[in-house]
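# Observations on the three-dimensional arrangement
These are the residues of each chain, in order.
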Amino acid sequence: MAKSTSSDKKSAATSKTSSKSAGSTTKAPKKSASAGKIRPEKDAAENLREFLVDGIKDLYWAEKALVKNLPKMAKNATSPKLVQAINKHLQETETQVTRLEGAFKALGEKVKAQKCDAMDGLLKEAESIMKETEPGAVRDAAIIAAAQKVEHYEIASYGTMATYAKLLGEKEALNLLKETLGEEKNCDTDLTKLAISEINIKAKNS
Ligand SMILES: [Fe+2]
């Protein structure tokens, strides 16, 4: 097979350039190769273990934010069953905070919260969704909708972190993450049942 020589490549490149410049008089703006690429921060994770610890710091912030915000959701709910479900999950969430502290310890890391932008956004949405609905069945349905978005975010986060912990052989952290993951899934299922069996219907008829 004939190999192209460096002089062949050079002449091909030259002809390409000359045909381009012959067709247009204005030069296209040069695009930097790094355009759109995100520069890592100083303390950016360099491996999966560090990324797992970062994820746990995010969850720690998220759970603590929920402990502060769930009472507000309970206060604005009308259905006694919904109030009960939120209060039950508040108790679970307090335990989940402690469990995350256990996960930090199991990983030999310092307990630290890192602002979770996603949870911050979901909680802001929960607040606005309550403002946008009249108290009663419609607001109850809206509170369930907001709470389930929170639960789905947590299920995704705990699920991913548990997968990393398993791969990294961090058994103690894995068990703690899996325990909370189970609670989040149960909470989500309970909210679905409550919405379908009662609250959505009342909201529809109100
Ligand atoms: Fe949680």
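Report on the accompanying structure. All of these numbers come straight from a predicted model, not from anything done at the bench. Sequence positions are assigned chain by chain, starting from 1 and proceeding in written order. Residues qualify for local features only when their pLDDT is at least 70, as the model is predicted, and side-chain atom pairs are given and counted only at 80 or more; totals for whole chains, interfaces and linings, by contrast, use all residues. Computation of side-chain values covers all heavy atoms of the structure but excludes hydrogens and water.

### Here we look at the overall build of the protein
Where helices and strands are cited, they refer to DSSP runs of H or I of at least four residues and of E of at least two residues respectively, numbered from the N terminus. Within the protein, the secondary structure is distributed over six helices and zero strands. Its helices and strands taken in sequence order, the protein reads α-α-α-α-α-α from the N to the C terminus. Residue contacts are defined here by distance: any two heavy atoms, one from each residue, within 4.5 Å place the two residues in contact. Relative to all contacts within the protein whose residues are 6 or more apart in sequence, the contacts with residues 24 or more apart total 80%. Computed with the Shrake-Rupley method and a 1.4 Å probe, the accessible areas treat only the protein chains shown as cover for residues. In the form shown here, the protein has an accessible surface area of approximately 13400 Å², with 55% of it arising from carbon and sulfur atoms.

### A word on the layout of surface pockets
Empty space among the atoms becomes visible once a probe the size of a water molecule is rolled across them. Approximately 290 Å³ is the volume attributed to the largest pocket. Method remark: on a 1 Å grid restricted to protein atoms, a set of points is classed as a cavity if a 1.4 Å probe fits but cannot get out and as a pocket if it is open with protein on both sides within 12 Å along at least five of seven lines; lining residues have an atom within 4 Å of a point. If you trace the largest pocket, you find 13 residues lining it, with Glu 41, Asp 43, Ala 45, Asp 54 and Gln 114 closest to the centre. Elements represented by at least two residues in the lining of the largest pocket include exactly α2 (48-76) and α5 (137-167). In terms of residues, the lining of the largest pocket owes the most to one element, α2, which gives four residues. Here the residues of the lining of the largest pocket are counted per class, giving five nonpolar, three polar and five charged. Grid points are joined across faces, edges and corners, and a volume is the space filled by probe spheres set on the points. Any residue outside Ala, Val, Leu, Ile, Met, Phe, Trp, Tyr, Cys, Pro, Asp, Glu, Lys and Arg is labelled polar, Gly included; the first ten of those are nonpolar and the last four are charged.

### A closer look at the coordination of the iron ion
Each metal's donors are the N, O and S atoms found within 2.8 Å of it, except that Na, K and Ca use a 3.2 Å limit; water is left out, so coordination can look incomplete. Here the iron ion is held by the protein donor atoms Glu 63 (OE), Glu 63 (OE), Gln 96 (OE1), Glu 154 (OE) and Glu 184 (OE), which lie 2.1 to 2.4 Å from it. All donor residues of the iron ion come from one chain, and their arrangement in sequence is E-x32-Q-x57-E-x29-E. Placement of Glu 154 in helix α5 and of Glu 184 in helix α6 (residues 171-205) is noted, with a sequence separation of 30 residues between them. For the residue pair Glu 154 and Glu 184, the accessibility class agrees, reading buried in each case. Residue exposure (1.4 Å probe, protein chains only): buried if accessible area is under 20% of the type maximum, exposed if over 50%, otherwise partly exposed.

### Focus: α2
Under the 1.5 Å per step criterion, the end-to-end length of α2 is 41 Å for 29 residues, consistent within 8% with the ideal 42 Å. Two axes define the bend at a residue: one fitted to the seven residues ending there, one fitted to the seven starting there, and the bend is the angle between them. A maximum bend of about 35 degrees is found in α2 at Lys 68, where proline Pro 71 lies one to four positions downstream. Pairing of N or O atoms within 3.5 Å defines a polar contact, subject to two protein rules: one partner must be a possible hydrogen donor and the other a possible acceptor, and residues neighboring in sequence count only if both atoms are side-chain atoms. With a side-chain oxygen lying 3.2 Å from the backbone nitrogen of Arg 49, the N-terminal cap of α2 falls on Asn 47. Here a helix's expected span is defined as the number of its residues, less one, multiplied by 1.5 Å.

### Things to note about the packing of helix α3 (residues 80-106) against α6
Close contact between α3 and α6 brings their axes to 9 Å; oriented N to C, the two are set at 170 degrees. With respect to α6, the element α3 is oriented roughly antiparallel. The hand of the α3/α6 crossing is left-handed. Partitioned by chemical class, the residues of the contact of α3 with α6 number twelve nonpolar, four polar and ten charged. Here an angle of 0 to 180 degrees is reported between the N-to-C directions of two axes, which are lines fitted to C-alpha atoms, with helices fitted over the stretch in contact. Orientation is classified from the angle alone, with under 35 degrees giving roughly parallel, over 145 giving roughly antiparallel, 65 to 115 giving roughly perpendicular, and any other angle giving oblique. Crossing handedness follows the turn of the near helix against the far one: under a right angle anticlockwise gives a left-handed crossing, and clockwise gives a right-handed one.

### Some words on the side chain of Asn 69
Note on placement: Asn 69 falls in helix α2. Here Ala 65 takes part through its backbone oxygen, which lies 2.8 Å from a polar atom of the side chain of Asn 69.

### Description of helix α4 (residues 117-131)
Relative to the 21 Å expected for 15 residues at 1.5 Å per residue, α4 spans 21 Å between its end C-alpha atoms, a close match to the ideal helical length. Where α4 is concerned, the buried positions are Met 119, Asp 120, Leu 122, Leu 123, Ala 126, Ile 129 and Met 130. In this fold, the buried residues of α4 make contact with α2 and α5.

### Points about the packing of aromatic side chains
For this analysis, a ring pair means two rings from Phe, Tyr or Trp (six-membered ring only for Trp) whose centres lie within 6.5 Å, classed as stacked if their planes differ by under 30 degrees, edge-to-face if by over 60, and tilted for the remaining angles. Across all of its chains, the model carries two aromatic pairs by this definition. On the basis of an interplanar angle of 45 degrees and a centroid distance of 5.8 Å, the ring pair of Phe 51 and Tyr 164 is categorised as tilted. Residue Phe 51 is located in helix α2, and its partner Tyr 164 is located in helix α5; the two are separated by 113 residues in the primary sequence. Relative accessible area serves as the criterion here: at 19%, Tyr 164 is assigned to the buried category.

### Concerning the side chain of Ser 79
Mapped onto the fold, Ser 79 is located in the loop between α2 and α3. On the basis of relative accessible area, Ser 79 is assigned to the buried category, the value being 7%. In this view, Ser 79 contacts Asp 140, Glu 198 and Ile 199; residues no more than four positions away in its chain are not counted.

### Considerations on empty space enclosed by the protein
Following the criterion strictly, the structure yields three cavities of 30 Å³ or more and no others. As a volume, the largest cavity reaches approximately 80 Å³. Counting residues per element, the ones that place at least two in the lining of the largest cavity are α2, α3, α5 and α6. Of the residues belonging to the lining of the largest cavity, the class tally is nine nonpolar, one polar and one charged.

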